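Each chain, letter by letter, is given below.
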Amino acid sequence: MTRLDEVAERFLASPFGPAWSDDELRPLVDEVVVAGSGNGVGDPLIWSPDNVRKVLNPRLRFLDSLTPSLDRAPELLRDLIRYGHAERRLRPELTAAALAAVDAATGSFVAALQELEADGDT
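Residues numbered from 1 in each chain as written. Predicted model: local features only at pLDDT ≥ 70, side-chain atom pairs only at ≥ 80, totals over all residues. Heavy atoms only, no water.

*Asks:* Outline the confidence of the model for the protein chain, listing residues and values.
*Replies:* On average, residues of the protein chain score 93 in pLDDT, and 98% of them reach the 70 mark or higher. Within the protein chain, the lowest mean pLDDT, 92, falls on helix α5 (residues 92-121), and the highest, 98, falls on helix α4 (residues 73-87). (pLDDT = per-residue confidence, 0-100. Helix = DSSP H or I, 4+ residues; strand = E, 2+ residues; numbered from the N terminus.)

Set out below in structure tokens:
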């Protein structure tokens, strides 16, 4: 088991994880954890607003558009941020800023996914 697998397993076993423990959602969990590990500090449990914007920017392609339930990535990211920041004992204002970045990026992220889906249907 890799370090990132262990992070995902701990997240799924936490109070934030049960909603994501379904086998169909595991690829999404893994995808977001891997994307988070590229945050400059190498820790997928620490999220800055800039890292959130990068991961939820469909043009940067941090997340694979073929990942099942990708439209739920912002929701998952909220739970992962809450879990990770609590684990790392980060200041509440850092968590609030990261969550605000998720909220700000969600609309354009979902719209881009819908556009990709529509293009695939033609």
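*Asks:* Summarise helix α2 (residues 26-36); cite the residues concerned and give the values.
*Replies:* Restricting attention to buried positions, one finds in α2 the residues Arg26, Leu28, Val29, Val32, Val33, Ala35 and Gly36. Buried positions along α2 lie against α1 (3-13), α3 (49-55) and α4. (Buried < 20%, exposed > 50% of the residue type's maximum accessible area, 1.4 Å probe, protein only. Contact = heavy atoms within 4.5 Å.)

*Asks:* A description of the pattern of salt bridges should follow, citing residues and the corresponding values.
*Replies:* Inspection of every chain in the model, using the stated rule, returns 8 salt bridges. Where glutamate 9 meets arginine 26, a salt bridge forms, and the shortest distance between an N and an O atom there is 2.5 Å. Separated by 17 residues along the polypeptide, glutamate 9 in helix α1 and arginine 26 in helix α2 bring together distant segments of the chain. Arginine 78 serves as the salt-bridge partner of aspartate 103, at 3.0 Å between the closest nitrogen and oxygen. (Salt bridge = Lys/Arg side-chain N within 4 Å of Asp/Glu carboxyl O.)

*Asks:* Give me the lowdown on the side chain of asparagine 51, citing residues and values where you can.
*Replies:* In this fold, asparagine 51 is placed in helix α3. Polar contacts involving the side chain of asparagine 51 include one to the main-chain carbonyl oxygen of asparagine 39, which spans 3.4 Å. (Polar contact = N/O pair within 3.5 Å; in protein donor to acceptor, adjacent residues only side chain to side chain.)

*Asks:* Describe the packing of α1 against α2, and please don't skip the residues or the numbers.
*Replies:* At a minimum axis separation of 10 Å, α1 and α2 run at an interaxial angle of 120°. What the angle tells us is that α1 and α2 run oblique. Once α1 is placed against α2, the crossing between them reads as right-handed. Between α1, through Leu4, Asp5, Val7, Ala8, Glu9, Phe11 and Leu12, and α2, the contact on the second element is made entirely by Arg26, Val29, Asp30, Val33 and Val34. (Axes fitted to C-alpha atoms, helices over the stretch in contact; angles between N-to-C directions. Parallel < 35°, antiparallel > 145°, perpendicular 65-115°, else oblique. Left-handed = near helix turned anticlockwise from the far one by under 90°.)

*Asks:* Which residues make up the packing of aromatic side chains, and what values go with them?
*Replies:* A full pass over the atoms with the stated rule returns 2 aromatic pairs. Between phenylalanine 16 and tyrosine 83, the aromatic rings sit 6.4 Å apart at their centres with planes inclined by 65°, giving edge-to-face as the arrangement. Taken as a pair, phenylalanine 16 in the loop between α1 and α2 and tyrosine 83 in helix α4 lie far apart in primary sequence, 67 residues in all. Since its relative accessible area comes to 27%, phenylalanine 16 is described here as partly exposed. Overall, tyrosine 83 belongs to the buried group, its relative accessible area being 5%. Among the aromatic residues, ring-to-ring pairing joins Phe11, Phe16 and Tyr83 into one connected group. (Phe/Tyr/Trp six-rings, centres within 6.5 Å; stacked < 30°, edge-to-face > 60°.)

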